[in-house]
Amino acid sequence: RKEVEQDPGPFNVPEGATVAFNCTYSNSASQSFFWYRQDCRKEPKLLMSVYSSGNEDGRFTAQLNRASQYISLLIRDSKLSDSATYLCVVRPRGGKLIFGQGTELSVKP
Amino acid sequence: GEEVAQTPKHLVRGEGQKAKLYCAPIKGHSYVFWYQQVLKNEFKFLISFQNENVFDETGMPKERFSAKCLPNSPCSLEIQATKLEDSAVYFCASSQSEGSDRYEQYFGPGTRLTVT
């Protein structure tokens, strides 16, 4: 079983749609949680950190449920520029990042 | 510098040849991480350094792979006797701290290694 699991998609949605990505992780000792975005095999870039209290950044909302070991990302009013692969990332103690396999999003006009 | 720099951008090696990849972390960052991304977005952690000291090498293959971070030099990742399965994009990342949530890992543009 992978340490971090995501639905690989692809998710094909029209502009303006709301789309939700889910992720589960297996290591209950994991300390930090993130969503990264990767465009066309370029370097991953941090989209947002994820906290138990939930956090929002514009059209993006992230949630963490430690009891269920579940992380989510909600994108509202999706734009063409949101098309990318979204990586669920977990950091256990020690600094290294553990990546999910990524969920591909394609936003169509 | 303000960005993580990786060279070369592309590297092609025949099976059995040596490959050496370089990474210059952001100035002031004391942690360097190497990751390997093969097909289907599977990232694998290889090794991390705190300055010139190995911090975590639990992901490094025991054979053929080695890495260094020497003072006043770019960090390097070397693969002896490359195999076809080593074909991947190798990303380097740096951060000010290894685990504090305040310190993001910034990724370089990667080196695409193709073993033929």
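The model shown is predicted, which means the values in this text are computed figures rather than measured ones. (Residues numbered from 1 in each chain as written. Chains lettered and ligands numbered in written order. Predicted model: local features only at pLDDT ≥ 70, side-chain atom pairs only at ≥ 80, totals over all residues. Heavy atoms only, no water.)

1. Observations concerning the interface of chain A and chain B
Right, so step 1: If you look at the interface, chain A gives 22 residues, while chain B gives 26 residues.
Right, so step 2: Between chain A and chain B we count one salt bridge in total.
Right, so step 3: With a closest N to O distance of 3.2 Å, Glu42(B) and Lys2(A) form a salt bridge.
Right, so step 4: Elements supplying a minimum of two residues to the side of chain A that touches chain B: strand E4 (32–38), strand E5 (45–49) and strand E9 (84–91) of chain A.
Right, so step 5: No other element matches the four residues that E4(A) contributes to the side of chain A that touches chain B.
Right, so step 6: Split into classes, the residues belonging to the side of chain A that touches chain B amount to eight nonpolar, eight polar and six charged. (Contact = heavy atoms within 4.5 Å. Salt bridge = Lys/Arg side-chain N within 4 Å of Asp/Glu carboxyl O. Helix = DSSP H or I, 4+ residues; strand = E, 2+ residues; numbered from the N terminus. Nonpolar A, V, L, I, M, F, W, Y, C, P; charged D, E, K, R; others polar.)

2. Description of the confidence of the model for chain A
Right, so step 1: Averaged over all residues, the pLDDT of chain A is 93; the fraction at 70 or higher stands at 100%.
Right, so step 2: Confidence scores differ between elements of chain A, with strand E6 (residues 55–57) of chain A showing the lowest mean pLDDT of 92 and strand E2 (residues 11–14) of chain A the highest of 97. (pLDDT = per-residue confidence, 0-100.)

3. Structural notes on the pattern of salt bridges
Right, so step 1: Inspection of every chain in the model, using the stated rule, returns eight salt bridges over all chains.
Right, so step 2: Between Asp77(A) and Lys79(A) there is a salt bridge, with its nearest N and O atoms 2.9 Å apart.
Right, so step 3: Exposure remark for Asp77(A): the relative accessible area of 37% places this residue in the partly exposed category.
Right, so step 4: Connected through salt bridges with shared partners, the residues Lys18(B), Lys20(B) and Glu78(B) form a single ionic network. (Buried < 20%, exposed > 50% of the residue type's maximum accessible area, 1.4 Å probe, protein only.)

4. Some remarks on the side chain of Asp86(B)
All names here are of chain B.
Right, so step 1: When you line up the elements, aspartate 86 lands in the loop between strand E8 (75–79) and strand E9 (88–95).
Right, so step 2: Assessed through its relative accessible area of 3%, aspartate 86 is described here as buried.
Right, so step 3: Aspartate 86 has contacts with Gln36, Arg64, Phe65, Ile79, Leu113 and Val115, leaving out every residue within four places of it along the chain.

5. Points about the nonpolar core
Nonpolar side chains tend to gather and get buried jointly when the protein is soluble and globular.
Residues and elements named next belong to chain A.
Right, so step 1: Membership of the largest hydrophobic core comes to 24 residues, with the highest contact counts inside it found for Phe21, Trp35, Ile71, Leu73, Ile75, Tyr86 and Leu105.
Right, so step 2: Elements that contribute at least two residues to this core include exactly strand E3 (19–25), E4, strand E7 (60–65), strand E8 (70–75), E9 and strand E11 (103–108).
Right, so step 3: Look past the residues within four positions of leucine 73 in its chain and what remains in contact with it is Val19, Ala20, Phe21, Trp35, Leu47, Met48, Phe60, Thr61 and Tyr86. (Core = buried A, V, L, I, M, F, W, Y, C linked by side-chain atoms within 4.5 Å.)

6. Describing the packing of aromatic side chains
Right, so step 1: Within this structure, the stated rule accounts for 16 aromatic pairs over all chains.
Right, so step 2: Centre to centre, the rings of Phe99(A) and Phe43(B) are 4.1 Å apart; their planes meet at 15 degrees, and the pair counts as stacked. Of this pair, Phe99(A) sits in strand E10 (residues 98–99) while Phe43(B) is found in strand E5 (residues 42–50), placing the two residues in two different chains. Each member of the pair, Phe99(A) as well as Phe43(B), is classed as buried.
Right, so step 3: Consider the rings of Tyr35(B) and Phe107(B), whose centres lie 5.5 Å apart with planes at 35 degrees: the pair is tilted. Of this pair, Tyr35(B) sits in strand E4 (residues 31–38) while Phe107(B) sits in strand E10 (residues 106–107), and the two are 72 residues apart along the sequence.
Right, so step 4: Judged by relative accessible area, Tyr35(B) falls into the buried class, the value being 0%.
Right, so step 5: Members of the aromatic cluster, connected to one another through ring pairs, are Phe34(A), Tyr36(A), Phe99(A), Phe33(B), Tyr35(B), Phe43(B), Phe45(B), Phe91(B) and Phe107(B). (Phe/Tyr/Trp six-rings, centres within 6.5 Å; stacked < 30°, edge-to-face > 60°.)

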